Amino acid sequence: MTFDVERARAETPGTRHVTHFNNAGAALPPQPVIDAVTAHLDLEARIGGYEAEAKARDGIERVYDSVAALLGCGREEVALVENATVGWDMAFYSLRFDPGDRILTAMAEYSSNFIPYLQVARKTGAVIEVIPNDAHGQLDVAALAASVDDRARGPAKLISITHIPTNGGLVNPAAAVGRIARASGIPYLLDACQTAGQMPIDVDEIGCDMLSATGRKFLRGPRGTGFLYVRKGLLERLEPPMIDNHAATWVAPDRYELRPDARRFENWESNVAARMGLGAAVDYALDWGLDAIWERIGSLADLLRDRLSALPGHEVRDLGETRCGIVTFTAPRPAAEIKRGLATRGINVSVTAAPSTRLDMEARGLDEMVRASVHYYNTEEEIDRLVAALR
Ligand SMILES: *Cc1c(COP(=O)(O)O)cnc(C)c1O
């Protein structure tokens, strides 16, 4: 398969200014995203915010169809929110835990998920159980299956894992986890923040019941956008932890009624222009095709890993059987110094530090790594430039 990199770059103004390897932080937006955001801001400025929203109504509604197409779900199962964390929190804090209930998670879990586990465990007496990794450094599926079956340890009430962690190339076996969740009837929450826009997602194939993601990372959407998927059937039984006059209607002085769809996890006010940009970003990714994107990203990441491995003193740290576009490595100098030095040469990378993924980092004795995350619009020449600068 050939990828029209020239077209991708021509449609990405940022590629003329920077060599961007911080796509896991926020990718460069393509022109259609920029246009969608600015067009709506212009409309708001011209005719008024509420009036602009009314005029853009059909376009706003189409964003739900776009996200549903990206995930392989129904539009009524999609909530559009401010970021992945808000989506994840709305799902997680809707669940009820009693003392001794087990929350099953994995080594690569993200800080903003693990901190809520700790809070809920402290408040309810629920227990966090971390499933160990297998020999590849990914979630051990057999250990998860054994833990689910071990009723003597208390009821397993939730399986909640990160698909692709913030700190490396690992892709956890999300679909194998989904088969266990389904067979046991345990709700399954998947953090797909680094997955969306990078690889194909099909919520039925994965078997997750809830999934959260962000707009600005591999999807190339605007900052301050995110979405939550909740499976119909489950969502009707979930009462969000915070609700307002968008999530519910005040139908009598002493009564409210929740919306029947996933928008019960949203709130009333939103950045409409950013939402339009998110829709454009999803359409743009679907246009390229997630299979083609995934293949292109994978080949660039493999190339970068090969080149880094040949660089004295540098060590690639990515785990897992399947590896994605996030490439992390350690080097003979502090990560922040490397990031600064590269920035002076117009190359963007980021630093990933222990508090973001503490379990994994501590288990591997790592304080920090340099993270160079590739996207399909990066080139082999840019990889050469990065490696030369590191040398
Ligand atoms: C970035 C990230 C998040 C948080 O996303 P926000 O949009 O910043 O809330 C959650 N999980 C993972 C794995 C991430 O990399």
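Residues numbered from 1 in each chain as written. Predicted model: local features only at pLDDT ≥ 70, side-chain atom pairs only at ≥ 80, totals over all residues. Heavy atoms only, no water.

Short version of the rule: UniProt positions are given in the numbering used here, feature names are shortened, and annotations may be inferred rather than shown by experiment.
Labelled according to an unreviewed UniProt entry, the protein appears under the name Aminotransferase class V-fold PLP-dependent enzyme, originating from Skermanella cutis. According to UniProt, the comment filed for the protein under the heading Sequence similarities (unreviewed entry) is "Belongs to the class-V pyridoxal-phosphate-dependent aminotransferase family." Check the Cofactor (unreviewed entry) section of the UniProt entry for the protein; it says "pyridoxal 5'-phosphate".

A short note on the pairing of strand 9 (residues 248-252)
Spelled out, the test is: Strand pairing is defined by DSSP finding a minimum of two bridges between the two strands. By definition, any uninterrupted DSSP run of H or I lasting at least four residues is a helix, any uninterrupted run of E lasting at least two residues is a strand, and each is numbered from the N terminus.
As judged from the four bridges shared by strand 9 and strand 10 (residues 255-258), these two strands associate in the antiparallel manner. Bridge pairing in strand 10 links Trp250 to Tyr256. Taking the residues that link successive antiparallel strands as the turn, the strand 9-strand 10 hairpin has two residues.

Some details on the pattern of salt bridges
Stated precisely, the cut-off is as follows: Any carboxyl oxygen of Asp or Glu within 4 Å of a side-chain nitrogen of Lys or Arg constitutes a salt bridge here. Buried, partly exposed and exposed residues are distinguished by accessible area as a fraction of the type maximum, computed with a 1.4 Å probe on protein chains only: under 20%, between the cut-offs, and over 50%, respectively.
A full pass over the atoms with the stated rule returns 25 salt bridges. With its nearest N and O atoms 2.8 Å apart, the salt bridge here joins Glu61 to Arg263. Taken together, the residues span a long stretch of sequence, with Glu61 in helix 4 (residues 57-71) and Arg263 in the loop between strand 10 and helix 10 (272-288) at a distance of 202 residues. Pair check on accessibility: Glu61 and Arg263 agree, each one buried. Between Glu129 and Arg102 there is a salt bridge, and its shortest N-O distance comes to 2.9 Å. With Glu129 in strand 4 (residues 127-131) and Arg102 in strand 3 (residues 102-106), this residue pair connects regions lying 27 residues apart in the sequence. Arg102 shares its class with Glu129; the two are buried.

Description of the state of the cysteines
Heads up, the condition is: For this text, the term disulfide refers to a pair of cysteine sulfurs within 2.5 Å.
Summed over all chains, the structure comprises zero disulfides. Unpaired in terms of disulfides, Cys208 finds its nearest cysteine sulfur in Cys73, a separation of 9.2 Å. Judged by its relative accessible area of 0%, Cys208 is buried.

Concerning the domain arrangement of the protein
Defined as follows: Marked domain ranges trace back to an automatic or database domain assignment. A contact between two residues is defined here by any heavy atoms of the two lying within 4.5 Å. Summed over both partners, the accessible area lost on bringing two parts together, with a 1.4 Å probe, is the buried area. Residues adjacent in sequence count toward polar contacts only when both atoms are side-chain atoms; beyond that, a polar contact is any pair of N or O atoms within 3.5 Å, and within protein one must be able to donate a hydrogen and the other to accept it.
Domains assigned within the protein are domain 1 (5-21 + 289-390) and domain 2 (38-286). Each of domain 1 and domain 2 has a C-alpha centre, and the two are 26 Å apart. Taken together, the contacts link 36 residues of domain 1 with 30 residues of domain 2. When the two sides are added together, the surface that domain 1 and domain 2 hide from each other amounts to roughly 2600 Å², 57% of it contributed by carbon and sulfur. Sorting the residues of domain 1 by area buried against domain 2 places Leu290, Ile326 and Leu359 first, and these three jointly supply 23% of that buried surface. Summed over the shared surface of domain 1 and domain 2, the number is 19 residue pairs in polar contact (both at pLDDT 80 or more). Breaking the side of domain 1 that touches domain 2 down by element, the ones donating at least two residues are helix 11 (290-309), strand 12 (326-330), helix 13 (358-363) and strand 15 (368-373). Tallying contributions element by element places helix 11 first for the side of domain 1 that touches domain 2, with six residues.

Some points on the site of the ligand
Put simply, the test is: It suffices for a single heavy atom of a residue to lie within 4 Å of a molecule or strand for the residue to be listed as near it. Reported accessibility uses the Shrake-Rupley method at a 1.4 Å probe radius. Residues are deemed covered only where the shown protein chains occlude them. The nonpolar class holds Ala, Val, Leu, Ile, Met, Phe, Trp, Tyr, Cys and Pro. Asp, Glu, Lys and Arg form the charged class, and all remaining residues, Gly among them, are polar.
Around the ligand lies a shell of 13 residues, among which Thr85, Asp191, Thr214, Arg216 and Lys217 are the nearest. Residue Asn83 places a side-chain N or O atom 3.5 Å away from an oxygen atom belonging to the ligand. Within the side chain of Thr85, a nitrogen or oxygen atom sits 2.5 Å from an oxygen atom of the ligand. Contact with the protein chains covers 91% of the free accessible surface of the ligand, which is 380 Å². Residue classes in the shell around the ligand are distributed as four nonpolar, six polar and three charged.

Structural notes on the sheet that holds strand 2 (residues 78-81)
Note: strands within a sheet are paired through backbone hydrogen bonds, in either parallel or antiparallel orientation. Spelled out, the test is: Lines are fitted to the C-alpha atoms to define the axes, a helix being fitted only along its stretch in contact, and any angle between axes, read from their N-to-C directions, falls within 0 to 180 degrees.
Strand order in the open sheet formed by seven strands is 2-8-7-6-5-3-4, and the pairing between neighbours is mixed. In the strand order of this sheet, the two ends are held by strand 2 and strand 4, each with one partner. Mean inter-strand twist for the sheet, computed between neighbouring axes without regard to direction, equals 20°. With four bridges connecting them, strand 2 and strand 8 (residues 226-230) associate as antiparallel partners. Residue Ala79 lies in a different strand from strand 8, and its bridge partner there is Leu228. Helix 7 (residues 141-149) contacts strand 3, strand 4 and strand 5 (156-162) of the sheet and is inclined by roughly 180° relative to strand 3. Here helix 8 (residues 174-184) sits on the sheet in contact with strand 5 and strand 6 (188-191), set at roughly 165° to strand 6.

Brief notes about the UniProt feature "domain: Aminotransferase class V" (unreviewed entry) in the protein
In this numbering, the UniProt entry assigns the feature "domain: Aminotransferase class V" (unreviewed entry) to residues 21-386. Secondary structure across residues 21-386 divides into 40% helix and 17% strand, with the first and last C-alpha atoms of the span separated by 9 Å.

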